[in-house]
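# Summary of structural features
Spelled out, the chains give:
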Amino acid sequence: MLVILWDPDTLLHQTVELLGSKLIPALESPERLEAILKALRSSKYELRTIEFASPQDDRRITRLLEFTSATHSPDYLQHLRDIFQTWLDAGLIKQDGHVLPECFVYPTTTGKPLRPPKDPFARAGYYAFDMSSGIMSDSYKAIVASANLASEGTDMLAGFANLPNDIDTAVALCRPPGHHCDGQRAGGYCYINNAALAVSTWRSGHPEAKVGILDIDFHHGNGTQEIFYADPRVLYVSIHGEDEFPYYTGAADETGNGDAEGTNINLPLKVGSSIEEYLEKLDYGQQKLVDFNPDFLIISLGFDTFHSDPLGHFQIHTEDYEIISRTTRHALKGIPTLVLLEGGYVIDQLGANMLSFLKGWNSG
Ligand code: OKS
Ligand code: ZN
């Protein structure tokens, strides 16, 4: 049985992005979540709402930031919190404006340590790797609310919070998503790595635990890979479009460092691949996760593998998500599982795709 978590504050974030050399409203929009909620409400699934960011929740925020700091640098988190106001105070934007980077960090031969620039305008580029991670007035509220869902879901599954006995799966309707954020840089609509936060939350009570992460968003989760690349107790498995965004990571020869060698598994698939080709990779990835025998499983779930997605290019249809989730559930049954929403941009099909995924999970 599963429980679904969401937070109305996650709807507040609405920014712009550079796409095809045009500045447009970001495809990662509140309407995505609204479409999923609408479908869920007209179905039989339980919706547990968590209201967050009220003053009484100070302890919760402190705890959340403490766990986030395990994998995110404090100055980066401060930047996320303050940069909009800083730009506003400096007259760089108006209240309805967006913080976007101009100049990014790049490799040099000087050997000088990287330091955030003093100029607040320049700083935006130090803490981002692309122009798909704008920050507007309410972004931080939504970022924290989204991350909190990952943490709340983990608390329930780990037994740190109350949960009805028969529930072993929590689906966190996160937005903004998380898998591109590496702990000191936003990018690809991601600001806090929700999966990494879930791992830290789980570890607060089970320090020796092994965690499996299955990333089935169309895009490679470069941030999640980066954060756990040298961690032998986290197995990261990703199926994603070959040579697609974020372009510089996701190759099969990225396998982990040191004693974590073998705990990073990239399964790139050619653009336009069929569901049959996809399921072959999925079966392989599932088997690796079964062999790893994790105490806790995280699924980074993106619906941008959908055939008509503007940012993804696999031949995957609504009914296929049922197969994807059923086989995954079947292979890994008995392991507490946190499902985190990542991408997916065909708004009028997102609800149906989510329902298909949930149906498969419940029958797996
Ligand atoms: C251009 C679009 C960048 C693609 C971002 C991909 C986001 C995503 N501005 N990641 O999983 O869905
Ligand atoms: Zn994606």
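Residue numbers run consecutively from 1 along every chain, following the written order of its sequence. Each chain takes a letter, starting from A, and each ligand takes a number, starting from 1, following the order in which they are written. Reporting in this predicted model follows two pLDDT cut-offs: at least 70 for local features of residues, and 80 or more for side-chain atom pairs to be given and counted; totals over whole chains, interfaces and linings ignore these cut-offs and use all residues. Neither water nor hydrogens contribute to the side-chain values; these are computed over all heavy atoms in the structure.

As recorded by an unreviewed UniProt entry, the chain carries the name Histone deacetylase domain-containing protein and is attributed to Cladophialophora yegresii CBS 114405. What UniProt states about the chain under its Sequence similarities (unreviewed entry) heading is, verbatim, "Belongs to the histone deacetylase family." UniProt positions are given in the numbering used here, feature names are shortened, and annotations may be inferred rather than shown by experiment. We quote the UniProt Cofactor (unreviewed entry) comment for the chain here in full: "Zn(2+)".

## Quick look at helix α2 (residues 58–69)
The end-to-end C-alpha separation of α2 is 16 Å, in line with the 16 Å expected for twelve residues at 1.5 Å each. The contact criterion used throughout is that any non-hydrogen atoms of two residues lie within 4.5 Å. Comment: elements are numbered from the N terminus, with helices defined as DSSP H or I runs of at least four residues and strands as E runs of at least two. In the core, the buried residues of α2 are packed alongside α3 (74–89), α5 (139–158) and α6 (194–203). A helix is expected to span 1.5 Å multiplied by its residue count minus one.

## Things to note about the site of ligand 1
Residues in close proximity to ligand 1 total 14 residues, the closest being E17, S132, H179, H180 and Y345. Residues adjacent in sequence count toward polar contacts only when both atoms are side-chain atoms; beyond that, a polar contact is any pair of N or O atoms within 3.5 Å, and within protein one must be able to donate a hydrogen and the other to accept it. Residue L18 places a main-chain N or O atom 2.8 Å away from a nitrogen atom belonging to ligand 1. In the environment of ligand 1, an oxygen atom lies 2.6 Å from a nitrogen or oxygen atom belonging to the side chain of D217. Contact with the protein chains removes 92% of the 370 Å² of surface that ligand 1 exposes when unbound. As a working rule, the residues Ala, Val, Leu, Ile, Met, Phe, Trp, Tyr, Cys and Pro are called nonpolar, Asp, Glu, Lys and Arg charged, and the rest polar, with Gly in that last group. Classifying every residue of the shell around ligand 1 by side-chain character gives five nonpolar, six polar and three charged. Only heavy atoms are used to decide nearness, and a residue is near a molecule or strand if one of them lies within 4 Å of it. Residue exposure ignores everything except the shown protein chains as possible cover, and the areas themselves are Shrake-Rupley values with a 1.4 Å probe.

## Some details on the pairing of strand β9 (residues 296–301)
Buried means the residue's accessible area, taken with a 1.4 Å probe over protein chains only, is under 20% of the maximum for its type, while exposed means over 50%, and partly exposed covers the values in between. Most of β9 sits out of view: six of its six residues are buried. Across the two faces of β9 the burial is the same, with F296, I298 and S300 and L297, I299 and L301 all buried. DSSP bridges decide pairing: two strands pair if at least two such bridges lie between them. Direction of pairing for strand β6 (residues 211–215) relative to β9: parallel, over a ladder of five bridges. Considered in β9, the bridge of D215 is made with S300.

## Description of the coordination of the zinc ion (ligand 2)
Within the protein, the zinc ion (ligand 2) binds to D217 (OD), D217 (OD), H219 (ND1) and D304 (OD); these donor distances fall in the range 2.0 to 2.7 Å. With water omitted from the atoms examined, metal sites may look incomplete; donors here are N, O and S atoms no farther than 2.8 Å from the metal, or 3.2 Å in the case of Na, K and Ca. Sequence positions of the donors to the zinc ion (ligand 2) reduce to the motif D-x1-H-x84-D. Remark: D304 occurs in the loop between β9 and α9 (318–332) and H219 occurs in the loop between β6 and α7 (222–228); sequence separation between them is 85 residues. Each member of the pair, H219 as well as D304, carries the same accessibility label: buried.

## Overview of the side chain of S238
Here S238 lies in strand β7 (residues 234–241). Among residues more than four places away in sequence, those in contact with S238 are D215, H220, G221, I265, N266 and L267.

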